[in-house]
Amino acid sequence: MSNSFYNLTPDRVIEAVEKSGFTLTGHYMVLNSYENRVYDLKLEDDTHIIVKFYRPGRWSLEQIQEEHQFLFDLEADELTVCAPLKFSDGKTIHDADGIFFAIWPRTGGRIPEELSDIDMMNIGRLLARIHNNGSAKDCKHRLRLTGETYGINSLKYLIDNSFLPSNCIKRYSDAVNEIVKIYDSLTPGIPFHRIHGDCHLGNLLHRDGSFFFLDFDDFLMGPAVQDIWMLISSRDKDSQRELNLFVEGYREFRNFETSWLKLIEPLRGLRYINYAAWIARRWDDPAFPHIFPHFGTEEYWIKETSDLAEQ
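Residues numbered from 1 in each chain as written. Predicted model: local features only at pLDDT ≥ 70, side-chain atom pairs only at ≥ 80, totals over all residues. Heavy atoms only, no water.

**Describing helix H6 (residues 166–186)**
Look at H6: 31 Å from first C-alpha to last across 21 residues, which is about the 30 Å you get at 1.5 Å a residue. Along H6, the residues that are buried comprise Cys168, Tyr172, Ser173, Ala175, Val176, Ile179, Val180 and Tyr183. Contacts from the buried residues of H6 go to helix H5 (147–160), helix H9 (264–281) and helix H11 (298–310). (Helix = DSSP H or I, 4+ residues; strand = E, 2+ residues; numbered from the N terminus. Expected span 1.5 Å × (residues − 1). Buried < 20%, exposed > 50% of the residue type's maximum accessible area, 1.4 Å probe, protein only. Contact = heavy atoms within 4.5 Å.)

Quick look at the structure:
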């Protein structure tokens, strides 16, 4: 299935979509996506659809269904999101030679280059409304953002598959274990609920005077602050001001305890670890060595180890 995924051709993509009941013009454009394979296709009525072929082995059918259900839940709550289209059989997921795929309407909008004070407060309000909906039900199949899932499991994969050079293993492992220990010691009593999970500016669009988030592919059960800290531009003197504005807007719709902010730095560390393991898990994908040419070199791991120890 992996080889089939790496070699998706226009003919195979178009055939799968047409078998699912769509009539296409032949217009075919590949869109940028490292994790999945995403295409812009034109229908005979001159509208466009976005087709996403999910990377085999990443999510189960049940996990993808929970992603789609979250989007439908948000849409029903009058939140602007891009929910998948339903096929004629009522499903949102079809299978093409063992690869799950889904279809979305094409969504217009622009990624904001910078955010004003009003923008930051509005995004805080939006996240609070998303989290109000997210807390209404649990997920049975998606991940929980724990020290084990993002830290320990990632470290184990890197070591077991010989990605870490021998001179970095101890220092890197010590840093991972310390970050996990700190994170797990701080999370008791902090609510976990459905969140976006990968809430950075690249997944935020502005259209018709309002903001909305795209790509809930990484959604999971986690703390609210995970969806806030990645929107902050940096850790410089302005970051606290930005954070305060996000939280001020958030609190207009949902409670947010100041003590939850202590999770930001451990979460940042877990993201470093999880991101490195994500690249490692994709290393047999022919695209990844080209996208990340320095990954896996001794220089790369020395810097990663130093950065993680500092974090």
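**As for the packing of aromatic side chains**
Overall, the coordinates contain 24 aromatic pairs when judged by the stated rule. Ring geometry for Tyr157 against Phe163: centres 6.3 Å apart, planes inclined by 20 degrees, an arrangement best described as stacked. For the pair Trp283 and Phe295, a centre-to-centre distance of 5.0 Å together with 50 degrees between the ring planes defines the contact as tilted. You can see Trp283 sitting in the loop between H9 and helix H10 (287–291) and its partner Phe295 sitting in the loop between H10 and H11, a full twelve residues away along the chain. In this structure Trp283 comes out as partly exposed when scored by relative accessible area, which is 27%. On the accessibility criterion, Phe295 (6% relative accessible area) is buried. (Phe/Tyr/Trp six-rings, centres within 6.5 Å; stacked < 30°, edge-to-face > 60°.)

**Considering the packing of H6 against H9**
Running from amino to carboxyl end, H6 crosses H9 at an angle of 135 degrees, the nearest separation of the two axes being 9 Å. Between H6 and H9, the interaxial angle falls into the category oblique. Where H6 crosses over H9, the handedness of that crossing is left-handed. Counting all contacts with H6, which are made through Tyr172, Val176, Ile179, Val180, Ile182, Tyr183 and Leu186, the residues of H9 involved are Pro266, Leu267, Gly269, Leu270, Ile273 and Ala276. Of the residues that constitute the contact of H6 with H9, the class distribution is twelve nonpolar, one polar and no charged. (Axes fitted to C-alpha atoms, helices over the stretch in contact; angles between N-to-C directions. Parallel < 35°, antiparallel > 145°, perpendicular 65-115°, else oblique. Left-handed = near helix turned anticlockwise from the far one by under 90°. Nonpolar A, V, L, I, M, F, W, Y, C, P; charged D, E, K, R; others polar.)

**Here we look at the pattern of salt bridges**
Enumeration according to the criterion identifies 23 salt bridges in this entry. The partner of Arg58 in a salt bridge is Glu35, with the nearest N and O atoms 3.5 Å apart. Taken together, the residues Arg58 in the loop between strand E3 (48–53) and helix H3 (61–76) and Glu35 in the loop between strand E1 (24–31) and strand E2 (37–43) connect sequence positions 23 residues apart. For Glu35, a relative accessible area of 9% corresponds to the buried category. (Salt bridge = Lys/Arg side-chain N within 4 Å of Asp/Glu carboxyl O.)

**Considering the sheet that holds strand E5 (residues 99–105)**
Within the open sheet, the five strands sit side by side as E1-E2-E3-E5-E4. Their pairing is antiparallel. Unpaired on one side and paired on the other, E1 and strand E4 (94–96) mark the two borders of the sheet. Each strand axis lies, on average, 35 degrees off the axis of its neighbour in the sheet, ignoring direction. Judged from the five bridges that link them, E3 and E5 form a sheet pairing that is antiparallel. Bridge pairing in E5 links Phe53 to Phe101. Across the sheet, helix H2 (residues 10–19) touches E1, E2, E3, E4 and E5, and the angle it forms with E1 is around 120 degrees. Packing of H3 onto the sheet brings it into contact with E3 and E5, and relative to E5 it is tilted by some 10 degrees. (Pairing = 2+ DSSP bridges.)

**Quick word on the environment of Phe5**
In this structure, Phe5 sits in helix H1 (residues 2–6). Residues Phe5 and Ser210, spaced 205 residues apart in sequence, show a C-alpha to C-alpha distance of 36 Å. Excluding anything up to four places from it in sequence, Phe5 contacts Glu35, Asn36, Arg37, Phe53, Tyr54, Arg55, Pro56 and Ile99.

**Concerning the pairing of E1**
With five bridges joining them, E1 and E2 adopt antiparallel strand pairing. Each bridged residue has a counterpart across the sheet, and for Val30 the counterpart in E2 is Tyr39. Where E1 hands over to E2, the hairpin turn is made up of five residues, counted between the paired strands.

**A short note on the nonpolar core**
If you look at the biggest cluster of nonpolar residues, it comprises 78 residues, and the most contacted ones within it are Ile123, Leu158, Tyr172, Phe213 and Trp301. Sort the elements by how many residues they give to this core and H9 lands first, with nine residues. Membership of the second largest hydrophobic core comes to 20 residues, among which are Tyr6, Val13, Ile14 and Leu41. (Core = buried A, V, L, I, M, F, W, Y, C linked by side-chain atoms within 4.5 Å.)

**Some words on the packing of H5 against H6**
For the pair H5 and H6, the least separation of the axes is 9 Å and the interaxial angle reads 170 degrees. With respect to each other, H5 and H6 are oriented roughly antiparallel. Here H5 and H6 pass one another in a crossing that is left-handed. Seen from H5, the contacting residues are Gly147, Gly151, Ile152, Leu155, Leu158 and Ile159; seen from H6, they are Ile169, Tyr172, Ser173, Val176, Asn177, Val180, Tyr183 and Asp184. For the contact of H5 with H6, the class distribution of residues is nine nonpolar, four polar and one charged.

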